Structure formats: structure tokens, C-alpha cells
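# Overview (structure and organization)
Read off the chains here:
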Amino acid sequence: FKMAVVVVGASNTDLTSIVPRLPAPGETILGTKFHMGFGGKGANQCVMAAKLGSPCWMVTKVGNDIFGRDTLQNFSKYNIRTDHVFTTTEAATGVAPIAVDSEGRNSIIVVNGANDLLSVEDIQTAGPAIKSAAVVVCQLEIKPEVSEAALALAAAAGVKTIFNPAPARPTLAPALYTLPTIFCPNETEAAMLTGITVTNPTTAAMAATVLRERGCKTVIVTLGAQGALVHDGTWTHVRTSVVRAVDTSGAGDAFIGALAHYLAAHPDWSLVGMVTKACAISTRTVLLEGTQSSYPAAADLPPDLV
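All of these numbers come straight from a predicted model, not from anything done at the bench.

### Examining helix α7 (residues 187-194)
- Here α7 has its buried residues at Glu189, Ala190, Leu193 and Thr194. Down the axis, α7 shows its buried residues gathered within 115° of arc, on one side only.
- The elements touched by buried residues of α7 are α6 (174-178), β10 (182-183), α8 (201-213) and β11 (218-222).
- Immediately downstream of α7, the backbone of Gly195 shows phi near 80°, a positive value.

Here's what the structure looks like:
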């Protein structure tokens, strides 16, 4: 467990259609391609950390259906431990129909299904894994009180945590600001939580300052093509190389998964160094279609990114 990354979160099956443009309400358009893949923010983050070489555990809930069985198989393919992948007969596995246009922009519908049934009791069951991990990662695709329970359990055991308040919601319980070691929203999430429109490093620093006033320890605001803003008392803008994106879905999750891996595997690295490398990993993923399928494996990367 010493170097392990434990991710508590959602598993979805992504149903992706490639379209010339996103349809207007009431409009039917022809897509050019369809593929099925595995997603869910938690699952994506876990797969990214695993592909970089971290031993990983996933804590999630799936339905007793074909998507759920395939999800388990997918985790096993990446050597992710599934001891705490719970199955329910009361809901279907989460699904996410996604449309991606020719500019790489996406529109997504998420039907949470079994993810909504992951419970605080399940977190207690997964307690030994959470308490002995190097890093625990949580998001908001499961019930907020379940993420909070996992963060509290980790914090009490002195385990580092990353909280990704995604998808965006306007209010959070106070503990979700104060518990995590790293609070990591994207620009949309930072804006919704603070009321500050985040469009660049300066406005990101303003939002991060507000989040720190609410009790966040370290704030990292991801800024897409503009990199990331790190604020832990002083702020630093981390740039990333600008590329023509093919498909941005899952890029933010790749950043979080890579950051979790670096925190677990290289705790001696500087945070800005880790964020720089996580940005580089995330940037690589937008050059390929798909979510987890666009994530690079350790073997395909220069040694300094592993």
C-alpha cells in the first residue's frame, strides 16, 4: 500500500459519437463514428495513475449488468485492484453519452445510476485501503457526503488527498474545502464556487485566494491550454505547450491521475514540478480520440514524466 493511489469515485461507460457539429435542440444530425469506452472521473483518474505505474485501488459501485462486468474487466486490464468495486442490483452502471465535434469540443450527458448508491458504509468497508494509501483522490460524481467520508478517513490517517470538485456545483460543505491536501478545480468549477469569472492565470489566482480563505490548503486551478495555477500561499502559473486539440474529453482527469501518481511515487518532488509534468501528460491526451484510450502508458513516455 505504501505507494498506492486509492481513487473513490464514479465509473461510467462512455458512449461517444463523433459529429460535424453539436446538434441544436430538436435537431437530428448524422454522426461519422461511434465508440464505446470506459469513463467516469474517478475511473479515468485511477487508470491514468495506474498507466504511469502506481499500484491503484478503485472504490466505486457498478450495476449487475454488462457495462458493470466490462468495467471490472477494464480495471483488471490495468492491474487496478477491484476489492472495493461494489455491485448493486438496484441501479444500472453509470453511462455517459458524449458528442464530440470537429473542433474537439464535447457535450456530455451523465446518468449516474449505481454511482449514486455508493455509500458511507462502503467507504468504511474500504477503510483499510484508504487509511494505508499514499494518496486518496475524490470528486463530486458520487454523493458529496461519500467523498467527504473518504477524505476524512484519509486525513485522520495522515494520508495525502486530492479533491477535484467536479462536476461543478455552486456550494460545498465546509469540510470539502478544509479536509483535502490539494483542492483542484478547473476554471469552470473555480468560477462557480467563487463567483469570479476565471479566464486566465490572474483571475485563477483571485479565485484560488478566495478558496484559500475558505480553508483550502493548496489550490491548483487547471486552465486547459493555459496550463495551471498553483496557490499554496504564493501563486505560480505553470504553462503547458499549445497544441491543436483533437478530443479534450478526459484531459482534466488525466491531470489529476498524473498528479496523484507523482505525489505517491515521487513525494520528494516540488509541487510545481509535479504540476508541470501533469500538464505535459494532460496535453498529450488531447491529441488522441477517446478518454482512457488517449492516456499514455509509462513505456510510451520520456523517463522524466514517469
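### Here we look at the packing of aromatic side chains
- Applying the stated criterion to the full structure yields 3 aromatic pairs.
- Plain terms: the ring middles of Tyr262 and Trp269 are 5.4 Å apart, the flat faces sit at 40° to each other, and that makes the pair tilted.
- A connected cluster of aromatic rings, assembled from ring pairs, spans Phe163, Tyr177 and Phe183.
- Above the face of the Trp269 ring, Lys277 is positioned so that its terminal group lies 5.0 Å from the ring centre.

### So, the nonpolar core
- By size, the foremost hydrophobic cluster in this structure holds 44 residues, and its most contacted members are Ile80, Ile162, Ile220, Phe255, Leu259 and Val275.
- The set of elements that each furnish at least two residues to this core consists of β1 (5-8), α1 (41-51), β4 (56-63), β8 (135-138), β12 (228-231), α9 (251-265) and α10 (271-285).
- Ranked by residues supplied to this core, first place goes to α9 with 9 residues.
- In this structure Val275 touches Ile220, Ala228, Val230, Val238, Phe255 and Leu259, once residues within four positions along its chain are discounted.
- Ala126, Ile130, Tyr177 and Ala190 belong to the second largest nonpolar core, which has 42 residues in total.

### Remarks on the sheet that holds strand β6 (residues 94-100)
- As summarised here, the arrangement of the 4 strands in space is β3-β2-β6-β7, forming an open sheet in which the pairing is mixed. Among the strands making up the open sheet, the edge pair consists of β3 (33-39) and β7 (106-108). Averaged over all adjacent pairs, the angle separating strand axes in this sheet is 25°, with direction ignored.
- Examined bridge by bridge, β6 and β7 share 3 bridges and lie antiparallel to one another. Each residue of the ladder has a partner; that of Val100, found in β7, is Asn106.

### With respect to the state of the cysteines
- Scanning the model with the defined rule gives 0 disulfides in all.
- This cysteine, Cys138, is not joined by any disulfide, and Cys46 carries the nearest cysteine sulfur, 12 Å off.
- The class for Cys138 is buried, based on a relative accessible area of 0%.
- Summary of cysteine pairing: Cys184 is not part of a disulfide, and the nearest cysteine sulfur, belonging to Cys279, is at 9.3 Å.
- A residue is classified by how much of its surface remains accessible, and Cys184, at 1% relative accessible area, is buried.

### A look at the sheet that holds β12
- The strand order β5-β4-β1-β8-β9-β10-β11-β12-β13 describes an open sheet built from 9 strands, whose pairing is mixed. Looking at which strands have only one partner, the edges of the open sheet turn out to be β5 (85-88) and β13 (235-238).
- In this sheet, β5 lies alongside β4 in parallel orientation, the contact comprising 4 bridges. When the bridges of β5 are listed, Val62 appears paired with Thr87.
- Sitting on the sheet, α10 touches β10, β11, β12 and β13, and the angle it makes with β13 is about 25°.

### A short note on the side chain of Asn12
- The topology assignment puts Asn12 in strand β2 (residues 12-18).
- Overall, the relative accessible area of 2% leaves Asn12 in the buried class.
- At 3.0 Å, the side chain of Asn12 forms a polar contact with the side chain of Asn115.
- Apart from the residues within four sequence positions on either side, Asn12 is in contact with Gly37, Phe38, Gly39, Gly40, Gly94, Val95, Ala96, Val110, Val111, Asn115 and Glu141.

### Looking at helix α5 (residues 144-156)
- The end-to-end C-alpha separation of α5 is 18 Å, in line with the 18 Å expected for 13 residues at 1.5 Å each.
- Those residues of α5 lying buried are Val146, Ser147, Ala149, Ala150, Leu151, Leu153 and Ala154.
- Along its buried surface, α5 packs onto β1, α3 (120-125), α4 (127-131), β8, β9 (160-163) and α6.
- Gly158, located one to two residues past α5, shows a positive phi value of around 75°.

Rules of the game
Each chain carries its own residue numbering, running from 1 in the direction its sequence is written. The model is predicted, so local features are restricted to residues of pLDDT at least 70 and side-chain atom pairs to those at 80 or more, both for listing and for counting; the totals for chains, interfaces and linings are taken over all residues. Values shown for side chains rest on all heavy atoms present in the structure; no hydrogens or waters enter the calculation. Exposure is judged per residue with a 1.4 Å probe applied to protein chains only, and the accessible area is read against the type maximum: over 50% gives exposed, under 20% gives buried, and values in between give partly exposed. The way it works is that DSSP assigns letters per residue, a run of H or I at least four long becomes a helix, a run of E at least two long becomes a strand, and they are numbered from the N terminus. By definition, the arc is the one covered by directions from the helix axis to the C-beta atoms. Pairs of residues are marked as contacts when any of their non-hydrogen atoms sit within 4.5 Å. Pairs were defined over the aromatic rings of Phe, Tyr and Trp, the Trp ring being its six-membered one, requiring ring centres within 6.5 Å. Orientation was assigned from the angle between planes: stacked under 30 degrees, edge-to-face over 60, tilted for the rest. Criterion for a charge above a ring: Arg CZ or Lys NZ at most 6 Å from the ring centre, at most 35 degrees from the ring normal. We call a set of buried residues a nonpolar core when its members are Ala, Val, Leu, Ile, Met, Phe, Trp, Tyr or Cys and they connect through side-chain atoms within 4.5 Å of each other. Here a strand pair is declared whenever DSSP counts at least two bridges between the two strands. Here an axis means a line fitted to C-alpha atoms, over the contact stretch when the element is a helix, while the angle between two N-to-C directions is reported on a 0 to 180 degree scale. The rule for a disulfide is simple: a pair of cysteine sulfur atoms within 2.5 Å. As used in this structure description, the phrase polar contact means that two N or O atoms lie within 3.5 Å; if the pair is within protein, one of them must be able to donate a hydrogen and the other to accept it, and residues adjacent in sequence are counted only when both atoms belong to side chains. The span expected for a helix works out to 1.5 Å for each residue beyond the first.

Read these as layout, nothing more, since geometry by itself doesn't imply function.
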